[in-house]
Amino acid sequence: MKRLLTLALCAMGFALTINAQEEKKTIELPQWVKNIKVSGYGMLQYQGQDKEGDESNSFNLRLMRLILDGKIGDFDWRAQVQGTNVKGPGEPTVQLVDLYAEWVKYPEFRVKAGQFKRAFTFENPTHPITQGWYSYANVINALSGFGDRTGEKSSGGRDIGIQVQGDLFPAADGHRLLHYQVGVYNGEGINSKDKDNKKDLIGGLWVAPVKGLRIGAFGWTGTRGEMTWTEPNPDYWLSSYVPNPYPETITTTLTSVRKNRYALSAEWDKNEYTFRAEYLHSQGYGANRDLGDKADGWYVFGIVPVVKSKLHAKARYQCYRDNKEWNRAKTMYEVGLKYYFTKNLQLNAEYARVNDRTIVNPDKHNYNFVDVELDFRF
């Protein structure tokens, strides 16, 4: 009797187990969720200079970014958040830098909408770690929408808009011979609506006659809305009244200020050898009206492997003239090394001799600058 009871209980338990397994449901995640990739990087920095009256010697958290990439059908999308000490130590800034979707069904014609890099220069869209230096070239920072000459807030070369681009004429080795890109943007930088209801138009075109080489040109026409100028008030200085009834300065806000720019670019990038040169020219008043309505600058650099995939040597010459005159030229002669612990962890070291003619005292134009960074990706 006991044996029969035991067998009955076992049979009942087995039946309940089978039934529970049959009722168990598998939750299938949508494909777009499976396609999401999480990545990011950090850049830790030591920097020092012996510039007269502005000596510095400090560790710094240069940059941290968290990136989400995904795919929905024929669309790629990206969301990127940045944390940096852009305002200075103790004043961190966290902001959205990228948020866009791009239709990528055909390599010959792609459409991107949202907030992303402007279609201007070869250097602007380069990854900050891959770019290889303590910063983008001074002329890129001033004329490509970083800390822009117009006074636009630091935008990392980005804006909000829509862009079409494509790669044409595939060669036998797989690379394409011609690239084009044209974008329409607000003209105000990241996370900003258009302030004057006028759009910036930016375009670029380059040829790649052989794999690794590209030669291109870019154009940019547009406006900056609500630019503010502060200048001395002549009535204040001419007045003989005590107390003086006139303000010492006058602040003028312009509804819209025109900007026209172009860039000429060339690059060789293959087998860990990278050489790039660009010239940029700008016409249009900046935040400092006393500097006039023109500015230009250029840079040329080379990065070469000393030990393949392990140690690179680099040198860069750059110059930026915020009034297109030599009396305000800032020139830097830079040399450095990059050491790769792994492909995702590298140490950069750089020394620069700086000649800065914006410094009033001509005996203080020259000073030394050093930068060391530990950069990692995850």
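For the structure itself, look to the data block above.
In this report, we go over the structure that sits alongside the text. (Residues numbered from 1 in each chain as written. Predicted model: local features only at pLDDT ≥ 70, side-chain atom pairs only at ≥ 80, totals over all residues. Heavy atoms only, no water.)

## Things to note about the pairing of strand 2 (residues 56-72)
Here comes step 1: Across 13 bridges, the pairing between strand 1 (residues 37-49) and strand 2 is antiparallel. Of the residues in strand 2, the one forming a bridge with G42 is M64.
Here comes step 2: Counted between consecutive antiparallel strands, the loop separating strand 1 from strand 2 contains six residues, among which G53 sits at a positive phi close to 80°.
Here comes step 3: Of the pairings in the sheet, the one linking strand 2 to strand 3 (residues 75-84) comprises nine bridges and is antiparallel in character. The residue bridging G70 from the neighbouring strand is W77, located in strand 3.
Here comes step 4: Taken together, strand 2 and the strand that follows it, strand 3, pair antiparallel across an intervening segment of two residues, in which G73 is found at a positive phi of about 60°. (Pairing = 2+ DSSP bridges. Helix = DSSP H or I, 4+ residues; strand = E, 2+ residues; numbered from the N terminus.)

## What to know about the nonpolar core
Here comes step 1: Membership of the largest hydrophobic core comes to 25 residues, with the highest contact counts inside it found for F120, V139, I140 and L280.
Here comes step 2: V139 has contacts with S144, L280, D296, G297, W298, Y299, C319 and Y320, leaving out every residue within four places of it along the chain.
Here comes step 3: Residues Y134, M332, I359 and F369 belong to the second largest nonpolar core, which totals seven residues. (Core = buried A, V, L, I, M, F, W, Y, C linked by side-chain atoms within 4.5 Å. Buried < 20%, exposed > 50% of the residue type's maximum accessible area, 1.4 Å probe, protein only. Contact = heavy atoms within 4.5 Å.)

## Some points on the pairing of strand 3
Here comes step 1: Relative to strand 4 (residues 93-106), strand 3 runs antiparallel, the two being bridged by 10 bridges. For A79, the partnering residue across the bridge sits in strand 4 and is L99.

## Brief notes about the environment of D196
Here comes step 1: Tracing the backbone shows D196 in the loop between strand 7 (176-185) and strand 8 (200-207).
Here comes step 2: For the pair D196 and P305, spaced 109 residues apart in sequence, the C-alpha separation works out to 48 Å.
Here comes step 3: There is a polar contact of 2.7 Å between the side chain of D196 and the side chain of S256. (Polar contact = N/O pair within 3.5 Å; in protein donor to acceptor, adjacent residues only side chain to side chain.)

## Topic: unusual backbone geometry
Here comes step 1: Here the bond from V242 into P243 is cis, since omega is -5°, no more than 30 degrees from zero.
Here comes step 2: Unlike most non-glycine residues, T121 shows phi in positive territory, near 80°.
Here comes step 3: At N271, a residue that is not glycine, the phi angle is positive and equals roughly 55°.

## Looking at the pattern of salt bridges
Here comes step 1: One pass over the structure, following the stated rule, counts 26 salt bridges.
Here comes step 2: The shortest N-O distance in the salt bridge between R118 and D159 comes to 3.1 Å. Of the two residues, R118 sits in the loop between strand 5 (109-117) and helix 3 (128-131) while D159 sits in strand 6 (residues 158-170), which places them 41 residues apart along the sequence.
Here comes step 3: Between D293 and K294 there is a salt bridge, with the nearest N and O atoms lying 3.6 Å from each other.
Here comes step 4: Taking the relative accessible area as the measure of exposure, D293 reaches 22% and is therefore partly exposed. (Salt bridge = Lys/Arg side-chain N within 4 Å of Asp/Glu carboxyl O.)

## So, the side chain of K314
Here comes step 1: Structurally, the position occupied by K314 is in strand 13 (residues 311-321).
Here comes step 2: Of note is the side chain of K314, whose polar atom sits 2.4 Å from the backbone oxygen of G132.
Here comes step 3: Among residues more than four places away in sequence, those in contact with K314 are G132, W133, G302, I303, E334, V335, G336, L337, K338, N348, A349 and E350.

## Notes on the side chain of N355
Here comes step 1: With respect to the secondary-structure elements, N355 resides in strand 15 (residues 345-356).
Here comes step 2: For N355, a relative accessible area of 17% translates into the label buried.
Here comes step 3: Of the polar contacts made by the side chain of N355, one reaches the side chain of R357; its length is 3.4 Å.
Here comes step 4: Not counting chain neighbours up to four residues away, the residues in contact with N355 comprise A329, K330, T331, H365 and N366.

## A few points about the packing of aromatic side chains
Within a pair of aromatic rings, the relevant descriptors are the distance that separates the centres and the angle that separates the planes.
Here comes step 1: This model, assessed by the stated rule, comprises 21 aromatic pairs.
Here comes step 2: Aromatic side chains Y236 and W237 sit 5.0 Å apart centroid to centroid with 85° between the ring planes, which places their arrangement in the edge-to-face category.
Here comes step 3: For Y236, a relative accessible area of 24% translates into the label partly exposed.
Here comes step 4: The exposure class of W237 is exposed, given its relative accessible area of 55%.
Here comes step 5: Three or more aromatic residues link up through ring pairs in this structure, and these residues are F120, F122, W206, F218 and W220.
Here comes step 6: Across the ring face of F122, the terminal group of R214 is positioned such that the distance to the ring centre comes to 3.9 Å.
Here comes step 7: Taking NZ or CZ as reference, R321 lies 4.8 Å from the ring centre of W326, over its face. (Phe/Tyr/Trp six-rings, centres within 6.5 Å; stacked < 30°, edge-to-face > 60°. Lys NZ or Arg CZ within 6 Å of the ring centre and 35° of its normal.)

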